[in-house]
Amino acid sequence: MSAADTTTPAKVPPPRQAPPPPPAELPRANRPSGGTAVPWLLLAPCLLILALVMGYPLARLVTLSFQKFGQSQLWGFQPAESVGFDNFAKVLGDGEFWTVVVRTIVFAAGAVVFTMVIGMAIALLLQRVSGWLKVLINIVLVASWGMPVIVATTVFKWLFDSDYGVFNALLSKLPGVEMIGHNWFASGPEGLAVIMLLVVWGAVPFVVITLSAGLTQVPKELEEAARLDGAGSWGVFRYVTLPVLKPIIVMLTTLSVIWDMGVFPQVFVMRGGHPEPEFQVLNTYSYDRAFVVNDYAQGSAIALITVLLLLGVVAVYMRQMLKIGEVE
């Protein structure tokens with residue numbers, strides 16, 4: 001028997017089949033209609049509610065900011081008079097207003113930085129703890145997040161009370177520290193630091209939960225490859241984790257800026273409904289001008305300026321998200 005007889009004949013691959021022709025495009029007249037109208041019909045109830053809840057108050061706010069409107073106009077003794085940009089000129093020419101603006105920006109910046117740093121640290125730690133401990137921490141976070149602002153503010157007032165505060169008592173146990181009777185609200189910076197701590201405490205749970213969800217999307221293969229290349233924990237976090245979490249971080253930072261720039265109940269309740277000048281932020285300052293001084297037009301002008309500042313923050317957020325979309 002020759003070698004040719006024992007050799008298995010090579011298999012010839014079957015010929016490739018031509019791909020099926022694409023389906024013929026339907027004539028324009030036979031295409032299903034209403035494709036672009038369906039999303040708008042589904043969004044119509046939400047848009048209607050937003051127009052009713054936010055549209056009228058915003059339009060009324062804009063109208064009041066260009067009028068002379070005080071108690072006489074409120075009770076109908078005098079008609080509202082159009083004054084053009086006089087209210088804005090008075091507000092922008094007032095040195096106290098710019099002091100409040102700077103104080104609000106510093107307060108919001110500090111709260112946002114602490115919120116993001118603490119939230120990121122807790123989210124990273126949650127990736128390293130056991131299952132039951134992670135569930136327990138998440139329950140605590142959700143419970144603190146769901147606590148009403150008034151309740152949380154009351155708790156913080158008790159914690160930092162000058163006579164019966166737990167925080168003063170704990171600090172007094174340190175060697176050489178005597179804090180019994182110390183009033184944290186005797187000065188503006190210390191009092192605002194306490195209020196900032198309250199704001200951060202209420203905002204951290206949302207940041208932790210969101211970042212924890214984002215960390216589950218970080219590819220483990222990239223982290224392992226970075227470690228094999230010699231990167232340490234900080235290198236893995238900087239070059240792998242942060243780029244993946246960048247859209248979430250941008251979103252959380254923007255939301256935190258908007259929320260912290262618009263803080264009101266924490267300051268208002270913590271100061272018993274009458275914030276002192278050194279505790280005024282933009283929202284409480286607008287409220288004070290409108291309902292304490294009874295100059296509703298000037299209060300509306302301050303509120304409108306605040307809205308424009310926040311729109312600037314939203315514009316920066318949209319620009320960053322568009323840049324991220326272009327890179328991806």
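Everything discussed here concerns the structure shown above.
Residues numbered from 1 in each chain as written. Predicted model: local features only at pLDDT ≥ 70, side-chain atom pairs only at ≥ 80, totals over all residues. Heavy atoms only, no water.

Q: How should the overall build of the protein chain be read in this particular structure?
A: Tallying secondary structure elements over the protein chain gives 14 helices and two strands in all. A burial count over the protein chain gives 32% of its 328 residues as buried. Considering only intrachain contacts with a sequence separation of at least 6, the fraction spanning at least 24 residues in the protein chain is 64%. Within the structure as shown, the protein chain displays about 21,000 Å² of accessible surface, and the carbon and sulfur contribution to it stands at 69%. (Helix = DSSP H or I, 4+ residues; strand = E, 2+ residues; numbered from the N terminus. Buried < 20%, exposed > 50% of the residue type's maximum accessible area, 1.4 Å probe, protein only. Contact = heavy atoms within 4.5 Å. Areas by Shrake-Rupley, 256 points an atom, 1.4 Å probe, with all protein chains shown as cover.)

Q: Explain the packing of helix α5 (residues 95–126) against helix α9 (residues 188–215) here, please?
A: For any two helices packed against each other, the geometry is given by the interaxial angle and the distance between the axes. Where α5 meets α9, the axes come as close as 7 Å, and the angle between the chain directions of the two elements is 40°. Classified by the angle between their axes, α5 and α9 sit oblique to one another. As α5 packs across α9, the resulting crossing turns out to be right-handed. Grouping the amino acids of the contact of α5 with α9 by side-chain chemistry returns 21 nonpolar, four polar and one charged. (Axes fitted to C-alpha atoms, helices over the stretch in contact; angles between N-to-C directions. Parallel < 35°, antiparallel > 145°, perpendicular 65-115°, else oblique. Left-handed = near helix turned anticlockwise from the far one by under 90°. Nonpolar A, V, L, I, M, F, W, Y, C, P; charged D, E, K, R; others polar.)

Q: Just to check I follow, could you spell out the packing of aromatic side chains for this structure?
A: Within a pair of aromatic rings, the relevant descriptors are the distance that separates the centres and the angle that separates the planes. Per the stated rule, a full pass over the model turns up 19 aromatic pairs. Note on F66 and F88: the rings are 5.2 Å apart at their centroids and 50° apart in plane angle, and the pair reads as tilted. Of this pair, F66 sits in the loop between α2 (37–65) and β1 (67–68) while F88 is found in helix α4 (residues 86–92), placing the two residues 22 residues apart along the sequence. Residue class for F66 comes out partly exposed when judged on its relative accessible area of 25%. (Phe/Tyr/Trp six-rings, centres within 6.5 Å; stacked < 30°, edge-to-face > 60°.)

Q: When you look at the packing of helix α7 (residues 149–159) against α9 in this model, what are you seeing that I'm missing?
A: Two elements in contact, α7 and α9, have axes separated by 11 Å at closest approach and are oriented at 135°. The orientation of α7 with respect to α9, classified from their angle, is oblique. Handedness of the crossing formed by α7 with α9: right-handed. Contacts between α7 and α9 involve A152, T153 and F156 on the former and, on the latter, V194, L197, L198 and W201. Split by residue class, the contact of α7 with α9 holds six nonpolar, one polar and no charged.

Q: Could you clarify how one ought to interpret α2 in this entry?
A: Given 3.6 residues per turn, any residue in an α-helix points the same way as the ones three and four places further on. At A44, α2 shows its strongest bend, of approximately 45°, with the proline P45 following within four residues. Along α2, the residues that are buried comprise L61, L64 and S65. (Bend = angle between axes of the 7 residues up to and from the residue.)

Q: I keep staring at the pattern of salt bridges and nothing clicks. Help me out?
A: Pairing of side chains with opposite charge becomes possible as their charged atoms draw close. Under the definition given, this model contains three salt bridges. For D94, the salt bridge is made with R289, and the minimal N-O distance between the two is 3.7 Å. One end of the pair, D94, is in the loop between α4 and α5; the other, R289, is in helix α13 (residues 282–291), with 195 residues separating them in the sequence. For D94, a relative accessible area of 23% gives the class partly exposed. What emerges from the salt-bridge pattern is a single network uniting D94, E96 and R289. (Salt bridge = Lys/Arg side-chain N within 4 Å of Asp/Glu carboxyl O.)

Q: Got a minute to help me understand unusual backbone geometry in this structure?
A: Leaving glycine aside, a negative phi is the common case for residues, and trans is the common case for peptide bonds. You will see that N294, though not glycine, has its phi angle at about 65°, which is positive. Tracing the chain through its elements places N294 in the loop between α13 and α14 (296–327).

Q: Explain a nonpolar patch on the surface to me, please; I cannot follow it from the model alone.
A: A cluster of nonpolar side chains, namely W40, L43, L47, L48, I49, L50, L52, V53 and M54, defines an oily patch on the protein surface of about 960 Å² accessible area. Structurally, L50 is set in helix α2. Classification of L50 by relative accessible area gives partly exposed; the value is 41%. (Patch = residues over 30% accessible without salt bridge, like charges linked within 9 Å, V, L, I, M, F, W, Y side chains within 5 Å.)

Q: Whenever I open this one, the nonpolar core confuses me. Can you help?
A: F107, W184, F185, V194, I195, M270 and F279 are the most contacted members of the largest nonpolar core, which has 24 residues in total. Counting only elements with at least two residues in this core, the list comes to α5, α7, α9 and α12 (265–270). Here this core gets nine residues from one element, more than from any other, and that element is α9. Leave out the neighbours within four places in its chain, and I195 touches F107, F185, Q266, V267, M270 and F279. Core analysis: the next-biggest nonpolar cluster, separate from the first, contains 16 residues, L211, A226, V236 and L252 among them. (Core = buried A, V, L, I, M, F, W, Y, C linked by side-chain atoms within 4.5 Å.)

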